[in-house]
Structures are given as structure tokens and as C-alpha cells.
Amino acid sequence: MAETAPDTSFTNQDFKIIGTRPPRPDGVDKVTGRAKYGADAFAAGQLTALILRSPHAHAKILSIDTKRAEKLKGVKAVVTCEDLPDLTGGNRGMLDILENCMARGRALYDGHAVAAVAAIDAETAKKALKLIKVKYEVLPHVTDVDEAMKKKAPIIQPHIRTTGVDPKPKKASNVAARSQFGHGDIEAGFAAADVIVEESYKTEQTHQGYIEPHACLASVGPDGQGELWVTTQGHFVFRNTCAALLGMEVAKLKVTSSEIGGGFGGKTHVWMEPVALALSRKANRPVKLTMSREEVFRASGPTSSTSIDIKIGATRDGRICAASAELRYQGGAFPGIWGMLGAMTTWACYDLENCQSVAFDVLVNRPKSAAYRAPSAPMAAFAVESTIDLVAAKLGMDPVDFRILNAAKEGTRASYGPTYGPIGIGPTLEAVKNHPHMKAPLGPNQGRGMACGFWFNFGGQTCTDINVGVDGTVSLTVGTMDVGGSRASLSLIAAEELGIPYERVKCNVADTASLGHNDMTEGSRGTFSSGMATIFAARDVVKVLRNRAAAMWEIDVDDVAWEDGQAVAKGIAHSNLSPLSLADIARKSPTTGGPIAGHNETVADGAGVSFASHICDVEVDPETGATKVIRYTVVQDAGKAIHPDYVEGQFQGAAAQGIGWALNEEYIYGEDGRLQNPGFLDYRIPVCSDLPFIDTEILEIPNPGHPYGVRGVGETSIVPPLAAIGNAVSNAAGVRLNHVPMSPPRILKAINAAK
Amino acid sequence: MRYEAPTSTKVAAALLAKEKGKAFVLAGGTDLLVRMKAGMVEPDLVVDIKRIPATQIIKKSDSGFKIGAAVSGASMGENKALKKAWPGVVEAANLIGSDQVQGRCTMAGNLCNASPAADSVPALVAAKAKAAVVGPKGRRTVAVEDVVTGPGRTSLKKGEIIESISLPKRVAKSGDAYLRFIPRTEMDIAVCSAGVNLTLDSKGLVKSARVALGAVAPTVVLVEDAADAIIGTKLDDESLAALSAACEAACSPINDKRGTVEFRTEVAGVLARRAAKIAYQRAGGK
Amino acid sequence: MSGVHVSTTVNGDAVEFVCPPGETLLDVLRNRLNLIGAKEGCGTGDCGACSVTVDGRLVCSCLVLGAEVEGAKVGTVEGMAEGGELHTLQSKFIEHAALQCGICTPGFLVAAKALLDRNSDPSEEEIRYALAGNLCRCTGYDKIVRAVDAAAKQLATDATKSGKKSKRR
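This structure is a prediction, so every number in the text was calculated from the model and none was measured.

Looking only at helices and strands, chain A has 20 helices and 27 strands in total. Its C-alpha atoms give chain A a radius of gyration of 27 Å, within 12% of the compact-globule value 27 Å for 755 residues. A burial count over chain A gives 63% of its 755 residues as buried. Partitioning the contacts of chain A with sequence separation of at least 6, the portion at a separation of at least 24 is 79%. With 75 positive and 83 negative side-chain charges, chain A shows a spacing of 8 Å between the two charge centroids.

Spelled out as C-alpha cells, the structure:
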């Protein structure tokens, strides 16, 4: 029975409970220590696995001798790339994933996996690692993005020919791709400019810094069936990837997602799970594999370091007449899309006649870059929003007014292609302009800055079930992870649609055997797309409920309406029939046709773009260069805030990550190409005493592509902080930092240079 | 690996002396366990000294304070008399790590770990503290600045343990202070640091002073020129500038992931000046 | 490698275990005593996710050897709720949405309880510094600080009420 897809457009319906703040359903488990995360599963007879990693940034692996390790008592399996043959059938992207999980004849970064062991306990596994002898031929390495683009740089992937250039290059290069976006006539635009500002910027590499290291428990039997318990942002995608890499059938690998201890994009990628499965297959025992914190830093995927040139021209009346950018994003040792994403976001906040952004995706001897919350956008925004302040200053204009004058609006052709519908950049800027924070007095050595940010948001494949219990409670089954309260938001949506109390809904995250495919929980899609599927699954349930009510009343289903959570018989002829609640109908379900269920599968399109504007006050110690954030305000468009607590939480968390990035977080590589600070001691994420309260203002400009108007909210607010802090530091200390993080030594150096 | 928890320092020293493999003393464990986890050390014997009564007490006497080697930073912070007499030493000890680390970390451990960036050591050196060392050949007393000989190296011989650290009797009109620079507000290792201890005369002039810097050289540096710069003054701008200059001249730091040579040198001077002002105020100077 | 036999008290219950002498208290709790509330976020005392108390002192259980807790009293997040009732801190964390992913939550709760046990009326700054040893990457700490503050106030109100009651008696 073919049905047309449900209409997803915004309907401006009245809500009863959407927008309230009930307690999350998994709260008790998580405050009592009962919630089970990646490392919290145990299986009978499980082995402990450890991975041997390259100490070299770039090396040829001449040989790996595992004999002595295999002979050690208690060792049950040792694997190298030999145990993970290439089954990718020429799919280079898949082979890259496999090679990143286990080196194939060459080590491409400090921390690259070379071999792995599974043993009866950690002590034995540790001993076994020491018995594996690897012969390396150390090769020259490069870890800096600009150095890697130079002609004489060591080539990291000899098969790479730069894409996006014509003619196609014949020689290998570390530039994996060139991409270009924009429109208009840049040269004519700059020719018309009264002022032009050109600046170059650098941002260092940062890590998502989730507190839970990667962890999994793998079990594969000789019958080719397997199970994987894993902390991930997308267990369905992990299943497909692992099955393909190990030559397993998709349906025979069941992946269960544990509670996830933070991801922020870093758990969208497979880093070590195929190795755990390979060890389990070889040992025929369950294998637990957890990364240490050091391994997380060295061998999972941080975000790109970048080098960016910006040029903005404006006329005396304050209009930007031309804007161009060249962006160089480092992707680690494998090709990525990070430069391209950066180029797409570069000018997205503004209404520009002439704009251009050209990006280069560059390979270096660092771990493969991964998504990190609005991936690639914060770096481009740092460069653009710092330069915007400089242009405003040159024009003698207030930086907020200058942005308002040039902000994108409905009908603006975005620099990356599409034409915007109703969007929130203008309203967030107006809110900033009128915010009391902007008028608060500043003390000595204090300065205020603001900046804007953009993120696309995504939708994607989604599948959701609703099952009604005989007691009238509702089980909502979704396939997207609860990374920060989405069980609460999705339960609210189900309750709203069905007209039942929130407490009657229990939201579960299903394993891959229990629900259709769901894409990664990324791109701020969890509440948007699973929310959409929940709405339609609930409406599917309502259809069944109406049928059952009709059967109970013995009337035509067309005479049954669903109003305020109950079935109502329409028409004077049926006025003797009292309404039936969901619970009434559920109670009778065994005799009216059996279980009551609803379902929806969709490719959720129409994710609305999102904008944020931030205000930040800092105090800079002029004698030490230390910067303290003393006040911070986030204004962001949420489309519709389903559960405002968790929307605020996303704003605050994203801002805090941006603040850390702006001030102290960075990957520090030594001359030897080895990571110097793979730990929370010297990779300095903000601690509680570093931050003030982070004030939030939620704007609701409905997304026309969602029945409730929802836009993703998770990512956008990591975009503005780098520039907001840079602009504030500039106003506090009189020096502009073009290099992130703006650590005390860099700020003090700039202050001294300006003396 | 064996784990022993003797109840006397003598037995502990004997265990360490007798061990043929690698032996380590465990007090708070906040350095040792990190190094074990990283595989940097693989002990054959760990001797836990926390069950030795002498290591667990803070004792005030006519000659000053004796602080047992296993006394945690948190315990020191709770001792009002100690905090009143030696606020700089206590705040230095209390700056080591988080509340969690404070529950375990010890000054003796901080000293024996022999990191150039150890927080409590500059304050102890400024205070003229002494370590009571017990070994197979008996007891000896060592000035704190003579314990550390280089990064990760001490003058303690095989089998020797620090049982306690002594602070001298506090004379009137004295004050001390310790400041460090870290990029965050907590949880970092000092990029550079300064401890100042001084005594005023009846007119409020600095009569004697000790200035010690951390993380700017392989070991903590006692800067006599810096002390000389403020002796006989009321910490006027000129003498403070001279103090900073003397400190900068005494620095020979390295570039690393935590800071640059220029930054460490300049900020060490700034911190010494600020610490001197606090110590002066604590001594009753105006 | 011979194991160390340890008799101790965990959350008020007498417990015995045997562990290798180099094994941390965190691994003992998680792998031998099935108490998985304490998490390993770093293993080096830098994140606080493994926070527990030993004889009332807040510590990182990754920096304590299992062998060291012979005769000690260990407290973990599993011991915070009493009977059917959540501890006030636990209920305030839920009420104020002070957790997102929740991995750091047990450590924060143990550390916050240690703070309130010694300081029943902490300022915002005192809360922030007392919790500086616990990393959270999701929340920006905003709602955590608010939840701890609300719990302190609630506990003070409860104490006043029960004080009045006992006076009446």
C-alpha cells in the first residue's frame, strides 16, 4: 500500500506541553551510577585488548614480529593488518577507514595502530604488547598545514591527486582537494571598495574532549554472527562499516549503543571497533577494548588546524562590496571534507553581492581529522568575524550595526549556493544590540566583543516506532543517541501528539536489530529528525486508535475524530458515545485487533539553517597575558525549543567549548612529529572555575521544513566564541590576536610588541 | 610488584634498602600512580608510608612546625595554627591539583618527585624549611633546597625516606606568600612561580627576605639578589623593579608545551613582585 | 604476582577482595565489586570522573591503590541515595538539567557532596573552585553550579525544618 509521504511543513499548531521542562527519563539512572556507558558492559569469558601504536609520525613498517607475544601465556589473539584483509572492493574511502584502524605497511602519524592483542587480563596484554617487535624505517614528516602544501614537503598519500583543479594533476600532492564557492564579481567588488582589510589567521588543532574514552565489547562467533556494544553517535552506521570491513553480513552483526559519554562529532567515526571484532573472531571470545585518554588524543579524530586569509572590502556607507577567503584545513593523514565545509560556511552570515571562498584540504602526519561540533565553521568564523570588526573600526561604525546592515535575510543568496528562507541572523543581532549585557559598564583591563556564527544543520535517514502498552503507557523507540536530553524532548513530542501526560511515555534507544536504519546523531539532527519521525509515528498510532475506537463503538472510522488525547464520535447520531481515552482503547486492544503500534521511516529533509550571535566580556592581565571570561551571553535561533533546558544546555556547552578553543586548547607537536600533550593536564579544557554563568536567549524563528518549526540547536554556538573572545581581547588589551588559542604567552608577546 | 605498609620509618627504610629491584615510596600517590599508569616506572616494591604515625602528624613546638611526610594538602589547609604562621607555604601546598588531589598529595612527595615546577618547593625554600631524612644509617636533616639535585633527581640515598618537613619558628612581623602562573584557574602545572618570605623591622622596613622561583630552572632557584633588592625598603616601586629584574636575571628556563623562555622569565619577575607585596602585607607592613 | 587481600567498607557494607598490588581502587570498584558509577575519564587524576571518598576525603580512585583501602571507609555515588530517596544533590541535578551525557555526573555528585559536607553555604566561587577537579564537556558547568547551589539551599531549609521539629519534641 503506497502512501504519500507526510507533509513536513510548519503548521503553527498550539502546544500543550512542548516548551515545558519536565525531568529527563534517564535522570535517575545517570545520577545513581546505574547508566551503562561504553566501558560498563561485561561478558562471560571476556578478554582485555590493547593496541600497539606507532611512536613515529611517519614511517615505513618493514616487519612486525608477533611470535613471542602469541606464545605468552594468557594471550588469546594477536592481530595486525594481515587479519584485516582489504575487502573494500576498490572503495578508497572504506580502505582509508580500515587503514586508519590498523596500519598497512606504513605508519602515518604518532599513535597509528600497528598491532593489537587480546589476553586474559590487562597485565598480560600489556606484557604481550612489549613482546611485539616492529621494524620501522622512519620517513620525513610534516605536521603543519602550510608546510605540508610546500613543494618539498614529504608526501603522505602517494595516490592522491588534487581534486577540483583543471587539468587533473599528474603528480601526488598533500592537497587532497580544492573547492570553491561564491558568486558575483570579486574584482569589481574590491574596485568599488572605499576600505579594504586583509588579514591572515591561524587556528590550532583541538579535540572534542568528550570525557568518556572510546570503548566497546565485541563478540564474534565461528558462525559469522556477532554483537558489538559500543559508545557511538551512530550504531547503525558503525554496524554497516564494521560488517563491510570484516566481511560480515549486515543483519548478522547486532550493534547496541551504550549510553554515550559525550561525542561532539568524535564518535561518528569508527576508530578501533573493527580491531575488537577481528580479535574476538580470532580468539572466539568476547573482547573488551577501551582507549586510554592518551590514545583518545593520539589516535581518535581531532578537528583541523587551519591557516586562513581573509579580504573584505566595504563602501563608506557600511556595505560590504566584496569578500574573499582562502582557507587551508588540515585533515590529518587521510582526505576529508573539512576545508570544503569551512569554505561553505565562510560568508554564510552575510548578504553579499560578490563573495568567494577557496578551500584546500591538506594532508599532514596527524591523526585523521573528524567532525567536531559545526565542523570547520569556527575557524572560518574566527577569521571572518575578526576581520569584520576591523572593517567596522576602519569605517568608524559600531560593529553590531555594521553586521546588522550586512546580515543575510530571507531571500539572500547564500555564499554556498541556496537562497535562504526565514532565518535568524538579523533577529539574533537585534537581540544582541538590545541586550542589557551590551550596556553593562566595564572595569579596567576589561573589554567586550561580539561575533556571529552559522551552521547548516542536517536531517537524514530516520526510523521510529511507537508501541502502546495495555495500560495506556507508550514506548517510543528511536535510533538516534541521547547525547544531551533528547529522550526528554522526543517523549514530549510523543506525549504532545498523543495527548497523554509526558510521564506515560518511555523513550528507548533501540539496537540495530530492533529498528530500521538511522543515520549518525550528528549535524544537530537528533531532535529535528527523530522528532519529525516521532510526530508521524504518533499520528500513525492515532490512525490505529481511531480504527479501534470505531470497532469498539461499531461505527465508521470516518466518524471518529482524535481530539485532546481521546477518540470522539462525531455527529448527533453518536452523541450517546462517551469519548475513549488512549488508555481505554489500549485496555481493549487484545480483543480489538491486537497490539497498537505506529511507525515512521523517513529521510528528513528541510533542516533549517541556524544562526547565533554571542557577546563576551574578558579581563586581560596586562603583565601576564592571562585572560578571564567575566561575562558571556548566547543568543541563538532554535526554531522551536522543545525542552528549553536542553536547548540552553546545548548553547552553554557549545559556548564553553568555543571558549576553551579560543583561549587554551591546542595540540602541541614536537619537532619529532609526536604529540606533546595527550592528556587533560596539558590539553587544557575549561574547568568550572574558568567560566562565568553563560546567559542564554532562545529565539524561535520557525523552520518552515518541520511541523513544529524545529531547527537543530546543538552546534551553532561553538562557532562565534573564537572571534567574540578575540574581539573582546582586542578591546581589553589593545592588541589583536590572529592566532588561536590566544594563550597567555601569545597575548603577552603581542602586548610587548605593541609597547 | 609487592605492596608493603610498615608502621615505622625504620622498617620502611630497611625494606627500601633491602630491595634489589625498583623500589618506590608511596605517600599520596598522585605522582607515582600517574607514572605507573603511563608505564614510566614499573616498581618491584611500593612502600606505603601512611601507616607510620610520625608521617601523619602536624606538630607545633617551640622550634616551629613539623609536618609529617604523609600529611595531605587538605589536612594542612585545615590546620589553623599552621595556616596563620606560614600562609605562603600552606597556599603553595593547597595549589597542588584539585580537591581530589588535595585529599592525597603531600609536600614531601611534591619535593621528592623533584619536578622543577613543584608548587610547594619554592615556598618551602623561601621559608628555610628542612627535611628530616631517615635511612639505614640513621637520621639526618637536610635543607629543602639541597634535596632536589635536578629534574626527577634527589640527593636521597637508597633506603632513605623523608619522614617530615620542618618549618622554623615564626618570629614577629613576618609573612610569606606564594604565587604561580597557570593558563587556567586550576588543574595546571605551574608555568613559573615565586615564593617570598620576609621579616620586617620595627620601622616596617624589610629586615630579612628569601625569594625562591619555580619552573624557571632545573631546580628551584633561591635568588639572593632579589632578596637584597628589597631588604631595607618598604617595597617602593624602585625596589620592586629591582626585585623583578634580579628574578629575571636568575631565570634559565626552557621552551616547552607549558611556556616559552621569554614568558617564564618575564612573568617570574611579575609574580615575585606580587608575592612580595602580599608577604609584606601579611608581615604587617603598610 | 601474588594478590593483596583487603578488608574494607564500601558504602557502609563490609567488603573483601583480592587484587594485584598495583591495581587501582577504580579498577577494584569497577571490575571486582561491580560498582561502575566511578568512571575512568583519564586515569591520571585530571578529570575527576572516578571521584570517591576514602575515610571522608574526596579522592580520585584512579590515584589510589586498592591495597591502600584496607580498613578504610570508601564512599561512591552508589551510596548517595538512601533507601528509596535520592540525595538532594541527585534530585537537584535532575531538576536543573545539570547533566547532558551524564558520564561526569557521578564524579560531580561525589565532589559536590564532599563540598557541602564541609561547607553548607558555599558561594558561587567556592562551588566553582571545589568542582574544578571535575571536568564536564557538555554543560559549560552553568546548570551544575546552579544545581549545587540549589541543593545547598534545600539542605539548609531541610535542616532548619528538622531542627524546629526536634525542638518541638
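Relative to the helices and strands, Cys81 of chain A is located in the loop between β3 (75–79) and α3 (92–101). Here Cys81 of chain A is in contact with Met102, Ala103 and Arg104 of chain A, once residues within four sequence places are set aside.

The next subject is the sheet that holds strand β19 (residues 505–509) of chain A. All names here are of chain A. Spatial ordering of the open sheet is given by β19-β18-β17-β23, a layout of four strands whose pairing is mixed. Lying at the two open borders of the sheet, with one neighbouring strand each, are β19 and β23 (596–604). Across the sheet, the axes of successive neighbouring strands diverge by a mean angle of 15 degrees, strand direction being ignored. Here strand β17 (residues 460–468) pairs with β23 via nine bridges, running antiparallel. Paired with Thr462 across the bridge in β23 is Thr602. Relative to the sheet, helix α17 (residues 582–592) contacts β17, β18 (474–478) and β23, its axis offset from that of β23 by approximately 110 degrees.

As a further point, take the packing of aromatic side chains. Residues and elements named next belong to chain A. Considering all chains together, one arrives at 18 aromatic pairs over all chains under this definition. Here Phe297 and Phe680 contribute two aromatic rings whose centre-to-centre distance is 5.6 Å and whose plane-to-plane angle is 85 degrees, an arrangement assigned as edge-to-face. On the criterion of sequence distance, the pair formed by Phe297 in helix α9 (residues 293–299) and Phe680 in the loop between α18 (644–663) and β26 (694–699) is long-range, its members being 383 residues apart. A single burial state applies to Phe297 and to Phe680, both of which are buried. Plain terms: the ring middles of Tyr420 and Phe611 are 5.8 Å apart, the flat faces sit at 80 degrees to each other, and that makes the pair edge-to-face.

What follows deals with the interface of chain B and chain A. Contact residues are listed per partner, giving 18 residues for chain B and 23 residues for chain A. At the boundary of chain B with chain A, total buried surface from both sides reaches about 1900 Å², with 51% on carbon and sulfur atoms. The residue Asp188 of chain B makes a salt bridge to Arg684 of chain A at a minimum N-O spacing of 3.8 Å. On the surface where chain B and chain A come into contact, there are 13 residue pairs in polar contact (both at pLDDT 80 or more). Broken down by class, the residue content of the side of chain B that touches chain A amounts to seven nonpolar, two polar and nine charged.

All names here are of chain A. Taken together, the buried positions of helix α4 (residues 122–131) are occupied by Thr124, Ala125, Ala128, Leu129 and Leu131. All buried residues of α4 project into a common sector of 155 degrees when viewed along the axis, lining one side. Close packing links the buried residues of α4 with β1 (47–53), β2 (59–65), α2 (67–71), β3, β5 (113–119) and β6 (133–138).

Residue and element names in this part refer to chain A. It is at 9 Å that the axes of helix α11 (residues 377–395) and helix α12 (residues 399–406) come closest, and there the two elements cross at 105 degrees. One element, α11, and the other, α12, form an angle in the roughly perpendicular class. Here Glu385, Ile388, Asp389, Val391, Ala392 and Leu395 of α11 lie close against α12, whose contacting residues are Pro399, Phe402 and Arg403. Residues of the contact of α11 with α12, tallied by class, amount to six nonpolar, no polar and three charged.

Before going further, it helps to spend a moment on helix α8 (residues 273–283) of chain A. All names here are of chain A. Burial analysis of α8 places nine of its 11 residues in the buried class, which makes it a mostly covered element. Within α8, burial applies to Glu273, Pro274, Val275, Ala276, Leu277, Ala278, Leu279, Ser280 and Ala283. Phi for Asn284, located one or two positions after α8, is positive at around 55 degrees.

Turning next to the interface of chain A and chain C. Chain A puts 55 residues into the contact, and the matching count from chain C is 44 residues. Summed over both partners, the interface of chain A with chain C buries about 4000 Å², with 61% contributed by carbon and sulfur atoms. Considering only the side of chain A, the residues that lose the most area to chain C are Val31, Cys688 and Phe693 of chain A, jointly responsible for 20% of the buried surface there. Linking chain A with chain C are four salt bridges. Where Asp40 of chain A meets Lys39 of chain C, a salt bridge forms, and the shortest distance between an N and an O atom there is 2.4 Å. The interface formed by chain A and chain C holds 22 residue pairs in polar contact (both at pLDDT 80 or more) in total. Those elements giving two or more residues to the side of chain A that touches chain C turn out to be α1 (27–32), α18 and β26 of chain A.

It is worth spelling out the side chain of Glu212 of chain A at this point. Mapped onto the elements, Glu212 of chain A comes out in the loop between β8 (195–203) and β9 (215–220). For Glu212 of chain A, a relative accessible area of 3% gives the class buried. Side chain to side chain, Glu212 of chain A and Thr231 of chain A meet in a polar contact 2.6 Å long. Apart from residues no more than four positions distant in its own chain, Glu212 of chain A is found in contact with Tyr37, Gly38, Ala39, Thr231, Ser258, Glu259, Ile260, Gly261, Lys267 and Arg293 of chain A together with Ile103 of chain C.

Moving on to the domain arrangement of chain C. All names here are of chain C. Each assigned domain of chain C is listed with its residue range as follows: domain 1 (4–79) and domain 2 (88–163). Taken together, the contact pairs 12 residues of domain 1 with 11 residues of domain 2. Buried area between domain 1 and domain 2, both sides added, is near 860 Å², and the carbon and sulfur share of it is 68%. If you sort the residues of domain 1 by the area they bury against domain 2, Cys47, Leu58 and Val77 come out on top, with a joint share of 45%. Inspection of the domain 1/domain 2 interface yields zero salt bridges. Here domain 1 and domain 2 share three residue pairs in polar contact (both at pLDDT 80 or more) between them. With three residues, strand β3 (residues 51–54) is the largest single contributor of residues to the side of domain 1 that touches domain 2.

So, about the sheet that holds strand β11 (residues 253–257) of chain A. Adjacent strands of a sheet pair through backbone hydrogen bonds, lying either parallel or antiparallel. Residues and elements named next belong to chain A. In spatial order, the strands read β3-β5-β1-β12-β9-β10-β11; together these seven strands make up an open sheet with mixed pairing. The open sheet is flanked by β3 and β11, the only strands paired with a single partner. When strand polarity is set aside, the average angle formed by the axes of neighbouring strands in this sheet is 20 degrees. Pairing geometry for strand β10 (residues 226–230) and β11, over five bridges, is parallel. Note that in β11 the partner of Gly226 across the bridge is Leu253.

With 194 residues, the main nonpolar core has Tyr416, Tyr420 and Ile725 of chain A together with Phe93 and Val148 of chain C as its most contacted residues. Sort the elements by how many residues they give to this core and α11 of chain A lands first, with 11 residues. Counting residues in hydrophobic clusters, the runner-up holds 48 residues, among them Leu82, Val133, Ile162 and Ala212 of chain B.

Our next topic: the domain arrangement of chain A. Residue and element names in this part refer to chain A. When cut into domains, chain A gives domain 1 (27–36 + 459–604), domain 2 (45–139 + 213–260 + 267–299) and domain 3 (306–457 + 608–754). Averaged C-alpha coordinates put domain 1 and domain 2 at centres separated by 40 Å. Counting from both sides, the interface comprises 21 residues of domain 1 and, opposite them, 20 residues of domain 2. Summed over both sides, the interface between domain 1 and domain 2 buries roughly 1600 Å², with carbon and sulfur atoms accounting for 62% of that surface. The largest contributions to the domain 1 side of the interface with domain 2 come from Met481, Thr512 and Met520, which together make up 41% of the buried area. Counting the contacts that link domain 1 with domain 2 gives two salt bridges. In this structure, Glu259 engages Lys30 in a salt bridge whose closest nitrogen and oxygen atoms are separated by 2.7 Å. Between the two partners, domain 1 and domain 2, sit seven residue pairs in polar contact (both at pLDDT 80 or more).

Turning to the pairing of strand β3 (residues 45–48) of chain B, a few remarks are in order. Residue and element names in this part refer to chain B. Across the two faces of β3 the burial is the same, with Leu45 and Val47 and Val46 and Asp48 all buried. For strand β1 (residues 2–4) and β3, the ladder comprises three bridges, and the chain directions are parallel. Its bridge partner being in β3, Tyr3 is matched across the sheet by Val46. By the bridge criterion, four bridges tie strand β2 (residues 23–26) to β3 in an arrangement that is parallel. The residue bridging Val25 from the neighbouring strand is Val47, located in β3.

How each quantity is defined
Each chain has its residues counted from 1, running along the sequence as written. Chain letters and ligand numbers both follow the written order, the letters beginning at A and the numbers at 1. Totals for whole chains, interfaces and linings use all residues, but because this is a predicted model, local features are given only for residues with pLDDT of at least 70 and pairs of side-chain atoms are given and counted only at 80 or more. Heavy atoms from the whole structure form the basis of all side-chain values; hydrogens and water molecules are not counted. Comment: elements are numbered from the N terminus, with helices defined as DSSP H or I runs of at least four residues and strands as E runs of at least two. This radius of gyration counts C-alpha atoms alone. The globule rule is 2.2 Å times how many residues there are, raised to the power 0.38. Exposure is judged per residue with a 1.4 Å probe applied to protein chains only, and the accessible area is read against the type maximum: over 50% gives exposed, under 20% gives buried, and values in between give partly exposed. Note on definitions: a residue-residue contact is assigned when non-hydrogen atoms from the two residues lie within 4.5 Å. Within this scheme the basic residues Lys and Arg register as positive and the acidic residues Asp and Glu register as negative, but His and the chain ends are omitted. For this purpose, a charge sits on NZ of Lys, CZ of Arg, CG of Asp or CD of Glu. Strand pairing follows a simple DSSP-based rule, namely that at least 2 bridges must link the two strands. An axis is simply a line fitted to the C-alpha atoms; with a helix, the fit covers only the stretch in contact. Between two such axes, the angle follows the N-to-C directions and lies from 0 to 180 degrees. When two rings of Phe, Tyr or Trp (its six-membered ring) have centres within 6.5 Å they constitute a pair, described as stacked for plane angles under 30 degrees, edge-to-face for angles over 60, and tilted for the intermediate range. Accessible-area loss on putting two parts together, using a 1.4 Å probe and summing over both, is the definition of buried area adopted here. We count a salt bridge whenever a side-chain nitrogen from Lys or Arg sits within 4 Å of a carboxyl oxygen from Asp or Glu. Each polar contact in these results corresponds to two N or O atoms within 3.5 Å; when the atoms are within protein, one needs to be able to donate a hydrogen and the other to accept it, and residues that are neighboring in sequence are counted only if both atoms are side-chain atoms. Asp, Glu, Lys and Arg are counted as charged, while Ala, Val, Leu, Ile, Met, Phe, Trp, Tyr, Cys and Pro are counted as nonpolar; the rest, among them Gly, fall into the polar class. Working definition: the arc comes from the directions between the helix axis and the C-beta atoms, pointing outward to the latter. For classification purposes, an angle smaller than 35 degrees is called roughly parallel, one larger than 145 roughly antiparallel, one from 65 to 115 roughly perpendicular, and anything else oblique. What marks off one domain from the next here is an automatic or database domain assignment. Working definition of a nonpolar core: buried Ala, Val, Leu, Ile, Met, Phe, Trp, Tyr and Cys residues. They are joined through side-chain atoms within 4.5 Å.

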